[in-house]
2 protein chains.
Amino acid sequence: MTDHLHCDVLIEAGWVVPVEPKGVVLEDHAVAIKDGVIVGILPTFEARQKFSARERIVKQDACLMPGMVNSHTHNPMTLMRGVADDLPLMEWLQGHIWPIEAKIIGPEMVADGVTLSIAEMIRGGTTTCNENYFFPDVQAQVYKQHGFRAMVGLPIIDFPTPWAATDDEYFDRARQVHDQWMGDALISTAFAPHAPYTVKDESFKRIQMYSEQLDIPVHCHVHETQFEVDEAIAQTGMRPLTRLDKLGLVNDRLIAVHMTALDEGDIELCARNGVHVVHCPESNLKLASGFCPVHGLHSRGVNIAIGTDGCASNNDLDMFGETRTAALLAKAVAANASAFGAADALYAATMGGARALSMDDRIGSITVGKQADLVLVDMSSPETQPVHNIVSQLVYAVGRQHVSDVWIAGVRKLKDSVLTEMDAAELSANAKSWRSRIAGIQL
Amino acid sequence: MTDHLHCDVLIEAGWVVPVEPKGVVLEDHAVAIKDGVIVGILPTFEARQKFSARERIVKQDACLMPGMVNSHTHNPMTLMRGVADDLPLMEWLQGHIWPIEAKIIGPEMVADGVTLSIAEMIRGGTTTCNENYFFPDVQAQVYKQHGFRAMVGLPIIDFPTPWAATDDEYFDRARQVHDQWMGDALISTAFAPHAPYTVKDESFKRIQMYSEQLDIPVHCHVHETQFEVDEAIAQTGMRPLTRLDKLGLVNDRLIAVHMTALDEGDIELCARNGVHVVHCPESNLKLASGFCPVHGLHSRGVNIAIGTDGCASNNDLDMFGETRTAALLAKAVAANASAFGAADALYAATMGGARALSMDDRIGSITVGKQADLVLVDMSSPETQPVHNIVSQLVYAVGRQHVSDVWIAGVRKLKDSVLTEMDAAELSANAKSWRSRIAGIQL
């Protein structure tokens, strides 16, 4: 036929879950990709008539869904996975994490940690992350090199670190990294003030001004624990979120991470101002930080995204696991078994993240015109049978090991569960050398 | 050399985690198996001198641990995985689960559900389960046929079901199944009264008497929700656990499942009487049932075991996932990041289960003289690197997909991640036919 449209890849799947509209399931559909962009979503038999594809992928027993957006990570810390667990927050930080970081932090550690994390994320169906660590210049370069979509945080904190010594240096370096990557197709930037208790008013004011000028998000740990809230009230007379509001930061550019210990006023403030909340349920549980009222926020219309947090506290970058935990925990916290259902949780892990990162014009759903950040999930194993409800299955039964294929911007990163561009054995060997190096550090 | 001891299998692993003693890690050790029993645990270089093995397995980058004990399942319900989610308990039961069960329950459904579950359990490193459903005769036969270790519950409930019509019939059939399997190496039995709110005093008294005579455990849902406790107080003037105590059932034969909404008196009662608590964290979260005070029980010396509950509510039989959730959730519930650490959680998933099922003389740890129920976990993938702490890694980073090899009573059930005696594709095909059958039921 001469009226065929050409595309690069045509993926035919037993189920397509586009995420938007929420809860919709398209059976026996195909998605066409051209130049990294989704150009068609239609019943398979129609797709075969309409498109001639350079590559055709047929997976009857699989579900095609958008790539997951891990909305809060500290990926260089993947090298410290499990180095110190089951400890109270301050003992964990002061006795273990900080002394180790003091010895290893730098471009080499950041590059190696990010590289290992990219492999883990791709193998687990994550195609975008929101990074929050030092040396964003190095991070950006590594993400770009591997064709991974990332928002890198530009760190701001009140004390000197290997990344910057003074407030001005933090802002200068932030500006530098921002300018270098502005307009890049895969890498974007956000301000990343560490937390209300480690960043002074003056710095928050500068962040507010620059984030508005540059139109970039502000990625910040907020209300991680009740202790943080109590201390802030004792020291400033205000809840941390109230203080951020007074400083002009509570708006739809704010990516507020953790958000436990919220009262009705906090929830109302978030709802009114379009704040994006990144829920990190496993980190909150493991560090006994508290509970984020996901159902309360969600039912007031607050956008919820999901993040794994860093591997030193979580201890993985498994967005399927994190999404499942989010869906389970929200019900218990709300004492309501209907709260934050499977479709809500899946939305949070994809579109919710895309919206939080201001990327929802490009990613987060399978929509014509969006980037082809796509994941195929195999449903043929005993663990994923029978399939009564594909959305339930994705959230409550599927594990990241069922991810068989991954595309980022139309480039296949995982093929039949094997990384196309990275050598897993080499990565593990490198991780082992870091293991020895870290084991040798005197605490 | 002529002074070699002969063994059937010698497994050499980078790490051996015997679980007992708790927290111990043996690096570069080997475990010798003869006639299904563990006959040696020693450094690999010594093992090679001491034993001549028919089969030698060398996995440097793997950890050998005891098989997991799933201490509460309803495995026939695996055929209903995801059939109804995100619903309040009563709507879920009355509007979906019970009407579907009414149409499909019977020997065929039980056999097919159990068979599918055995595949899932083996692939995920579980070697024993504590089953709780109708038709224990069929269950026992299927578990035995596949060489899987199981305790089957002998159901007792106040109303007629396809399994039995009257109280006497329930007890007669229970006795029949018990007598048939008494002394079997793999199959054992327990009384399984459904719950305090569905079993009358008279039946509990008979269970108490017979369980003492036969020396078998009593496996019962107890305190699943605050509602159950409140209703019991309204109707009987007593908390359910208090009533069971008055009936003589609160002792070290009681396997009490769920155990949310416990007060100090309940905890004290359990501690004093050696009750075994089966914690099902994911089911409790998903059905918004409440929180089991794991740290409170554990710190008072109560034995904790872990169960997945049935796939209609969980929706999987993933003991690695469940153990991880248990370890995470206990900290948040206790507001203590040191509560129920990795070694405690791993103990609960193995030895804790073995003790609950009165099988700790045979399974639950890697101990000379115990059955060779063993699991090898591969640590070479990016998700499980680096390995700073192997016990942390097993609980917080490993997923069931990292299980490469499984033995039950010395018989290899999984070899390099492939089932040795079951056809996964055939099982999936059968599950699909159940999917169609269930989809056709008018609710």
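Fair warning: this is a prediction, and the values are worked out from it, not measured in the lab.

Focus on the sheet that holds strand E16 (residues 418-419) of chain A
Residue and element names in this part refer to chain A.
- What the eight strands build is an open sheet, ordered E3-E2-E1-E4-E13-E14-E15-E16; its pairing is mixed. The outermost strands of the open sheet, each flanked by one partner alone, are strand E3 (37-43) and E16.
- In terms of strand pairing, strand E15 (residues 411-415) meets E16 through two bridges, oriented antiparallel. By the bridge assignment for E16, Lys415 is matched with Val418.

Comments concerning the relation of the copies chain A and chain B
- Once chain A is rotated about the relating axis by 180° and shifted along it by 0.0 Å, it coincides with chain B to within an RMSD of 0.0 Å. What the rotation and shift describe, once combined, is the action of a two-fold rotation axis. Among all residues of chain A, the one whose C-alpha sits closest to the rotation axis is Gln401(A), at a distance of 3.2 Å.

Focus: the pattern of salt bridges
Residues and elements named next belong to chain A.
- Summed over all chains, the structure comprises 66 salt bridges over all chains.
- A salt bridge links Lys200 to Asp167; its shortest N-O distance comes to 2.5 Å. One end of the pair, Lys200, is in the loop between strand E8 (187-193) and helix H6 (201-214); the other, Asp167, is in helix H5 (residues 167-181), with 33 residues separating them in the sequence.
- Several salt bridges converge on common partners, so that one network encompasses Glu55, Lys59, Asp405, Arg412 and Asp416.

A closer look at the side chain of Thr126(A)
- Here Thr126(A) lies in strand E6 (residues 126-131).
- In contact with Thr126(A), not counting residues within four places along its chain, are Met68(A), Asn70(A), Met121(A), Phe148(A), Leu317(A) and Met319(A).

With respect to the side chain of Asp86(B)
- With respect to the element layout, Asp86(B) can be found in the loop between strand E5 (68-73) and helix H2 (89-104).
- Side-chain polar atoms of Asp86(B) contact the backbone nitrogen of Ala342(A), separated by 2.8 Å.
- Engagement of the side chain of Asp86(B) in a polar contact is seen with the side chain of Tyr396(A), the distance being 2.4 Å.

A word on the sheet that holds strand E16 (residues 418-419) of chain B
All names here are of chain B.
- Across the sheet, eight strands lie side by side as E3-E2-E1-E4-E13-E14-E15-E16; this open sheet has mixed pairing. Only two strands of the sheet have a single partner each, and these edge strands are strand E3 (37-43) and E16.
- With seven bridges joining them, strand E1 (residues 5-16) and strand E2 (residues 26-34) adopt antiparallel strand pairing. For Val16, the partnering residue across the bridge sits in E2 and is Leu26.

What about the interface of chain A and chain B?
- With 57 residues of chain A at the contact, the number on the chain B side is 57 residues.
- Summing both partners gives a buried area of about 4900 Å² for chain A against chain B, and 55% of it is carried by carbon and sulfur.
- Joining chain A to chain B, the criterion identifies 10 salt bridges.
- For Asp86(A), the salt bridge goes to Lys331(B), with nearest N and O atoms at 3.3 Å.
- For the interface between chain A and chain B, the tally reads 32 residue pairs in polar contact (both at pLDDT 80 or more).
- Elements that contribute at least two residues to the side of chain A that touches chain B include exactly helix H3 (107-123), helix H10 (281-286), helix H12 (319-334), helix H14 (390-397) and helix H15 (424-439) of chain A.
- In terms of residues, the side of chain A that touches chain B owes the most to one element, H15(A), which gives six residues.
- Of the residues assigned to the side of chain A that touches chain B, the class counts are 25 nonpolar, 17 polar and 15 charged.

Focus on helix H7 (residues 226-236) of chain B
All names here are of chain B.
- When H7 is considered as a whole, its buried residues turn out to be Glu228, Val229 and Ala232. Seen along its axis, H7 keeps its buried residues to an arc of 100°; they face one direction. For H7, the exposed residues lying more than 90 degrees away from the buried face are Phe227 and Ala234.
- Looking at the packing, one finds that the buried side of H7 touches strand E9 (218-222) and helix H8 (240-246).

Quick notes on H12(A)
Residues and elements named next belong to chain A.
- The terminal C-alpha atoms of H12, which comprises 16 residues, lie 22 Å apart, in line with the 22 Å expected from a rise of 1.5 Å per residue.
- Extensive coverage of H12 is indicated by the burial of 13 of its 16 residues.
- Between the side-chain oxygen at the start of H12 and the backbone nitrogen of Phe320 there is a gap of 3.1 Å, and the oxygen is on Asp318.
- One or two residues past the end of H12 sits Ala335, with phi positive at roughly 50°.

Thoughts on empty space enclosed by the protein
- Evaluated as defined, the whole model comprises eight cavities of 30 Å³ or more.
- Of the pockets and cavities examined, the largest cavity occupies roughly 400 Å³.
- Lining the largest cavity are 31 residues, with Asp318(A), Gly321(A), Arg324(A), Asp318(B) and Gly321(B) sitting closest to its centre.
- When contributions to the lining of the largest cavity are tallied by element, the ones reaching two or more residues are H12 and H14 of chain A together with helix H12 (319-334) and helix H14 (390-397) of chain B.
- With six residues, the single largest contributor to the lining of the largest cavity is H12(B).
- Tallied by class, residues from the lining of the largest cavity come to 10 nonpolar, 10 polar and 11 charged.

Criteria and cut-off values
Residues numbered from 1 in each chain as written. Chains lettered and ligands numbered in written order. Predicted model: local features only at pLDDT ≥ 70, side-chain atom pairs only at ≥ 80, totals over all residues. Heavy atoms only, no water. Pairing = 2+ DSSP bridges. Helix = DSSP H or I, 4+ residues; strand = E, 2+ residues; numbered from the N terminus. Least-squares fit on C-alpha atoms with pLDDT ≥ 70 in both. Salt bridge = Lys/Arg side-chain N within 4 Å of Asp/Glu carboxyl O. Contact = heavy atoms within 4.5 Å. Polar contact = N/O pair within 3.5 Å; in protein donor to acceptor, adjacent residues only side chain to side chain. Buried area = accessible area lost by both parts, 1.4 Å probe. Nonpolar A, V, L, I, M, F, W, Y, C, P; charged D, E, K, R; others polar. Buried < 20%, exposed > 50% of the residue type's maximum accessible area, 1.4 Å probe, protein only. Arc of directions from axis to C-beta. Expected span 1.5 Å × (residues − 1). 1 Å grid on protein atoms, 1.4 Å probe; cavity = no way out; pocket = protein on both sides within 12 Å on 5 of 7 lines; lining within 4 Å. Points joined across faces, edges and corners; volume = space filled by probe spheres on them.

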